[in-house]
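Structure assessment
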Amino acid sequence: MIRLVEDRTEARFRTQSLQLKTAIEERLLNYEQVLAGSAGLFAVAGEVSREAWREYVEKLDINRYYPGIQGIGYVKRVDVRQMADHIASVRAEGVHDYLVTPLGAGPFYYPMVYLEPSTDRNRRALGYDAFSDPIHREAMERARDEAVPTVTAKVVLVQEELAEDQASFLMYYPVYQGGEIPEIRAERRMMLAGYVFSAFRTNNLLDGIVGLIAPFLDVRIYDNGVVSRDNVMYSSNLGSLDNEFSFEMSQTLTQGGRNWLLQTRSTPAFDYLASDPRPPIVLGSGLLISLLLFLFVLAMVRSRLMAQISAGRYRAITEGAANVTLVMNPQGEPLYASPSSLDILGFEPDTVAELDFESLVHADDWGQLQRGFEDSMKSPGKQMPIIRARIRDAAGRWRDMEGTYTAMLKVPGVNGVVLSLRDLTQLKAAQSELHRLAFYDPLTGLANRQLFRDRLSHVVRRSRRSSEPAALMFLDLDGFKRINDTLGHDAGDELLVQVAQWLVGCVREEDSVARLGGDEFVVLLSRISGPDAAGTVAETILRRLCQRLRLNDHEVGITVSIGITMIPHDSEDPGTLMKYADLAMYRAKELGRNTYQFFTPAMNIKAARRLLQQEELATALEGDRFELHYQPKIDLATERVIGVEAFLRWHHPEKGLVSAQQFIGLAEETGLIVRLGELALRQACIQIQALERAGFESLKMAVNFSVRQLTDPGFLDMIRKVITETGVSPDCLELEMPVELLNEDPRMLRELLVSLNDLGVCLILDDFGAGSCSLVSLQQLPLDVIKIDHRFIRDIPYNVSATDVASAVIALARKLHLTVVAEGVETLQQLSFLKSAGCAQCQGNLFSYPLDEDALIGFLIRQYEKPLIS
C-alpha cells in the first residue's frame, strides 16, 4: 500500500511538472505572437509614430494580460551618417535628453527608440545601443539572418540595477524595409530596418504560472541548460529550508533559439498534499504505533509548511492582481476574496461573502461551475481542468472569465476550496485588435499582405481540386508618387482610401481586395468562367478609377495599371502567381499605363533575363569592373577645353565595353545606382587631381546623377565624404542633374541644392527643354549652368522649331545670368548657329568622342599645341 501511495504521488508530481512546462511554453508563444503583431504594424505602415506605438501598447494592456513584460519597444537601425538627424528628430518628439550610447565605430547603430509603457524606469533605456552588447548582438544577428523571434541569454535590464531575483531576458523580432521578409540572408542583412522587442523580468513572468499550476514544487530554470548559479533564470526557493526532496524531474524548454533547463523537485508540503492522508497501513497490532508515527510526521510537515508561509513563499492564493481568487467552504459559500476583486469585478473583498454567488453567474454556466466544485472536493489537492464562465460585475456587465478549482480543505492557512478566476474580457478585445492590426491595413481597412496570402493559398487549393479557374490581379496607381509629393501624404492617404472603396465596389462579396503597401493593391477573383470574365472585371476597374477627384482643394486625375494571371493555368504556387501578376502589371505600364495585361511566358523569360543582368551588375560592382570615359567641353569664345564630362562604362566579360544607357535603368530599379554614383564621383575626383598634377589646371569635371541618386537621404553626406576623403577642390566639380528633378518636393529640392551650393560645387541642370520646367524654379534655385537637350541640337539648322527653341533657351539663360552648354554638337553648321546665338560652351562628337584616361591626355596635349577649330 505504501508503494501505491508513492506511485500516486510521483504521478501527480510528474503531471504538475509537465503541465508547468506546457504553460511556460504557451506563455512564451503568446509573447512571440505579440511581437509578430507589433512587427506587422511596421510591415503595413512602414513608419510608426511614437504616439501610434504608445496607443498600440496601451491597448495590449500588458500589465494585466502579459505579466512579466517590462516593456515592448522598437530598435531602429541608424546609419552613422544619419545619427545627428536621428537624435534631433527623437528629441523633437519630446525625448529631450535622448542620446545614443555607447558610441562605437559604426557603420550602423541600433538604439532603442520606443519603449512602452513609458515609465521612468523604461525611459532610462531609450537610446541604448543593444547591439553593442555581445549578448544582445548574438540574438539580434540570429533574428535578422533567420527572420525568427530570438531570445537573449540571461541579462540585467539596462533600466534597473542588478538583482539576483530579477534575472531578465529580451525577445527580438526583425523588421525589414518594405514589410517583406527577403528570401536571401544577404538581402535580410541589407534590408533590415530594426527590431521590435520585449523585455522580461523572469520572476514577474513565472511567479503567476508556478503559483497556479505547481505552488508546492521547488522550481528552478537555468539558461543554456547548465546548472550553475550564474545561469539561474528563476528559482521559487520552496526547497530552501532543507535540500530534501522525494522526486526530481528535468525538462528542456526551447524558445527563440535558447535552451532552458526546467528543474522541478517535490517539497514536504507537496508530499503531504499529494499523498493519501489515510494510508491503509494500520493493520492489526501495529495500529497504535503507526498512528503515533503518522501524527509525528504530520506535525513535522505542518511546522515546515508554516515556516514556508511565514517566509512569504506560499503562493497558492497570492499569484497577483491579474486574477480574482476566492476561497470557499465545503458548502460553496465564499469565505475570502482577493483585493483584485475590486479592480476586476467592482466588488469590495469584504462584501463578497454576503453576495449570492449563483446570481452572479450566467445561468448557462452555473452547472459546470458546480460540477467543477464537486469534482475538486472528490480530489483534494488536485488542480481541476479549466472552466469558462460569464460572471456579472458590480455594474451589471457580463465578463468572460476562466478559472480552476483546487480543494485545500486540510492545508493550513487555506482550509477551503480555492477558485482562481482570470478575466478574459479585455484580453479578447485586445486579441481582436491585435488580429485587426496583424491582418488588416490600418488605413483602408482592406486585408493586408499576410491575410491576402492565406486567402490566395485557399483559392489555389480549391481551384486545384475543382479545376475551376480563378484570377489574380495586381494593381498599381499611375502617378501616385507625384500626387503624394506635391499635395502631401494626407492627400495621398485620402486618395488610397477612396481607391479602396472603389475597388471593393467593383467585385463580388466572395472576391478579395487587399492593399500590399504604398499604392499597390491586389484583387482575387475566387471563381470566374475564364480570362474573358477577368478582362471584363479589369475594364470595370479601369472605368471606375479613371476619374478626377478633389484633394486639398486640387482636382487630380488618376489611372491604374493592372496585371492579371490565371489560376491554375499559369501556376499553382501562390508566390509564383504574385510574381506573374506583378510582371504583367509592369508590362501594362510599359504599354502606356491605364490598361491591363495578362501574364505570358515571354514576360517570365524577360524577367529572368533581367534578373541575370541584375546579378551580373552586382558582381561587376563588387569586382570593380567600371571605369570612366571623358568627353571634352569647349569654350566657344576661346575654343579651348575648359572641362570634361565623365561617362561611366562597364567592362562586361562577354559584351565588352557597355555604355551607361544600357544599364543605368536596371541600376536604378535595383538600388545599385547609389553605389555606382559614389564610385563614379570618387573616380572623377581622383582623375581631376591627376590632370592637375599633369599640368592641366583649371579644368572642371562634370559628373551625372539621376533623380533616384539625388533624392537618396544619404546623397549629401556621400558628396561631403568623397570630397573630404579624396581632397579634391569642390570648385573643380560640376554636378549634372536631370530636369525631372524639378518635379520633386520644392522644399526638399531647395534645401539640397543650397547645401550643395554652399559646398562650392557647380550645379548644372541637364536636358533643359526636354520636359516641363518652372521658370520660377530657375530663379529661386542656386543653379549655375543649363544644358540644352541634345535632341534640339540634333535638328539644327534643318528644323525651324528646334532652332527657335535653342535660341529662346539661350536668350532666357543669359537673362537669368546662367551659362548655357549645348551637348551633342556634331556638325559645323550646328556650331556656327550656336556661336551666333550666344551659346557659351559646347561638347559633342564634332570635338571628340568620350575618351579613356590615356586618350584624354593625348587629346589635351594636342589641343594645347594648336587651335582646335580653324
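Reading guide: rules and limits
- Residues numbered from 1 in each chain as written.
- Predicted model: local features only at pLDDT ≥ 70, side-chain atom pairs only at ≥ 80, totals over all residues.
- Heavy atoms only, no water.
- Helix = DSSP H or I, 4+ residues; strand = E, 2+ residues; numbered from the N terminus.
- Buried < 20%, exposed > 50% of the residue type's maximum accessible area, 1.4 Å probe, protein only.
- Contact = heavy atoms within 4.5 Å.
- Areas by Shrake-Rupley, 256 points an atom, 1.4 Å probe, with all protein chains shown as cover.
- Core = buried A, V, L, I, M, F, W, Y, C linked by side-chain atoms within 4.5 Å.
- Pairing = 2+ DSSP bridges.
- pLDDT = per-residue confidence, 0-100.
- Axes fitted to C-alpha atoms, helices over the stretch in contact; angles between N-to-C directions.
- Parallel < 35°, antiparallel > 145°, perpendicular 65-115°, else oblique.
- Nonpolar A, V, L, I, M, F, W, Y, C, P; charged D, E, K, R; others polar.
- Phe/Tyr/Trp six-rings, centres within 6.5 Å; stacked < 30°, edge-to-face > 60°.
- Lys NZ or Arg CZ within 6 Å of the ring centre and 35° of its normal.
- Lys, Arg positive; Asp, Glu negative; His and termini not counted.
- Salt bridge = Lys/Arg side-chain N within 4 Å of Asp/Glu carboxyl O.
- Left-handed = near helix turned anticlockwise from the far one by under 90°.

The helix and strand tally for the chain stands at 30 helices and 32 strands. Buried positions account for 49% of the 870 residues belonging to the chain. When contacts within the chain are restricted to residue pairs at least 6 apart in sequence, those whose partners lie at least 24 apart make up 65%. Total accessible area on the chain stands at roughly 41,300 Å², and carbon and sulfur atoms take up 51% of it.

Membership of the largest hydrophobic core comes to 87 residues, with the highest contact counts inside it found for Ile24, Trp53, Ile72, Met112, Tyr172, Val196 and Ile221. Element by element, the count of residues in this core is highest for helix H1 (residues 2-45), at eleven residues.

Turning next to the pairing of strand S13 (residues 334-337). Summarising the sheet, strand S12 (residues 323-328) and S13 pair through three bridges and their orientation is antiparallel. Considered in S13, the bridge of valine 327 is made with tyrosine 336. Hairpin remark: S12 followed by S13, antiparallel, with five residues in the connecting loop; positive phi at glycine 332, about 85°.

Moving on to the confidence of the model for the chain. Residue-level pLDDT values for the chain average 82, and 87% of them are 70 or greater. The low-confidence segment residues 277-294 (pLDDT under 50) makes eight contacts with residues lying over four places distant or belonging to another chain. The low-confidence segment residues 296-321 (pLDDT under 50) makes 48 contacts with residues lying over four places distant or belonging to another chain.

Okay, the packing of helix H24 (residues 715-726) against helix H25 (residues 746-759) next. In the contact formed by H24 and H25, the axes pass within 11 Å of each other and the chain directions differ by 10°. If you check the angle between H24 and H25, you find them roughly parallel. Across the interface between the two elements, Phe715, Leu716, Ile719 and Arg720 of H24 pack against Leu752, Ser755, Leu756 and Leu759 of H25. Broken down by class, the residue content of the contact of H24 with H25 amounts to six nonpolar, one polar and one charged.

Before going further, it helps to spend a moment on the packing of aromatic side chains. The description of an aromatic ring pair rests on the distance of the ring centres and on the angle between the ring planes. This model, assessed by the stated rule, comprises 19 aromatic pairs. Ring geometry for tyrosine 110 and phenylalanine 131: centres 4.4 Å apart, planes at 35°, overall tilted. One end of the pair, tyrosine 110, is in the loop between strand S3 (108-109) and strand S4 (112-116); the other, phenylalanine 131, is in the loop between helix H5 (120-123) and helix H6 (134-146), and 21 residues separate them in sequence. Ring pairing ties together the aromatic residues Tyr110, Phe131, Tyr172, Tyr195 and Phe197, which thus form one cluster. A cation over a ring is seen here: arginine 77 above phenylalanine 108, with NZ or CZ 4.2 Å from the ring centre. The ring of phenylalanine 131 has arginine 137 sitting right over it, with the charged end atom 5.9 Å from the ring centre.

With that settled, the discussion passes to the sheet that holds strand S11 (residues 258-266). With antiparallel pairing, the four strands of this open sheet are ordered in space as S9-S8-S11-S10. The open sheet terminates on both sides in strands that have one partner only, identified here as strand S9 (232-235) and strand S10 (248-255). Direction aside, neighbouring strands of the sheet carry axes that sit 20° apart on average. Its contacts with the sheet place helix H8 (residues 202-213) against strand S8 (217-223) and S9, and it is angled at close to 40° to S9.

Further remarks concern the sheet that holds strand S1 (residues 69-76). On the basis of which strands lie adjacent, the open sheet formed by five strands has the order S4-S1-S7-S6-S5 and antiparallel pairing. Either end of the sheet is taken by a strand with one partner, and the two such strands are S4 and strand S5 (150-151). Direction of pairing for strand S6 (residues 168-176) relative to strand S7 (residues 192-201): antiparallel, over a ladder of nine bridges. Paired with leucine 170 across the strands is alanine 199, a residue of S7.

In terms of backbone geometry, most residues other than glycine have negative phi values and most peptide bonds are trans. Following threonine 101, the chain continues into proline 102 via a peptide bond in cis, with omega recorded as -10°. By secondary structure assignment, the location of proline 102 is in the loop between helix H4 (83-92) and S3. Looking along the chain, the bond that leaves glutamate 116 and enters proline 117 is cis, with omega of 0°. Mapped onto the elements, proline 117 comes out in the loop between S4 and H5. Even without glycine at this site, serine 698 takes up a positive phi of about 65°.

Inspection of the secondary structure assignment puts arginine 188 in helix H7 (residues 185-191). We note that arginine 188 is buried and unpaired, the nearest opposite charge coming from aspartate 145 at a distance of 7.2 Å. Setting aside residues no more than four positions away along its own chain, arginine 188 makes contact with Arg144, Asp145, Glu146, Ala147, Tyr176, Ile181, Pro182 and Glu183.

Position of aspartate 766 relative to the elements: it lies in strand S29 (residues 762-768). Take aspartate 766: its relative accessible area is 8%, and that puts it in the buried class. Taking the C-alpha atoms as reference, aspartate 766 lies 9.8 Å from histidine 790; in sequence the two are 24 residues apart. Those residues in contact with aspartate 766 that lie beyond four places of it in its chain are Asn704, Glu736, Met737, Pro738, Val739, Lys787 and Glu823.

Further remarks concern the pattern of salt bridges. Across all of its chains, the model carries 37 salt bridges by this definition. Ionic pairing is found between lysine 633 and glutamate 734, a salt bridge with its closest N-O pair at 2.9 Å. With lysine 633 in strand S24 (residues 626-635) and glutamate 734 in strand S28 (residues 733-738), this residue pair connects regions lying 101 residues apart in the sequence. Within the structure, one salt-bridge network assembled from shared partners comprises Asp393, Arg397, Arg399 and Asp423.

Below, the discussion takes up the packing of helix H22 (residues 673-693) against H24. Interaxial distance between H22 and H24 falls to 10 Å at its minimum, and their mutual angle equals 30°. Considered as vectors, H22 and H24 are oriented roughly parallel to each other. Crossing of H22 over H24 shows right-handed handedness. Residues Glu678, Leu681, Arg682, Cys685, Ile686 and Gln689 of H22 pack against Met718, Ile719, Lys721, Val722, Glu725 and Thr726 of H24.

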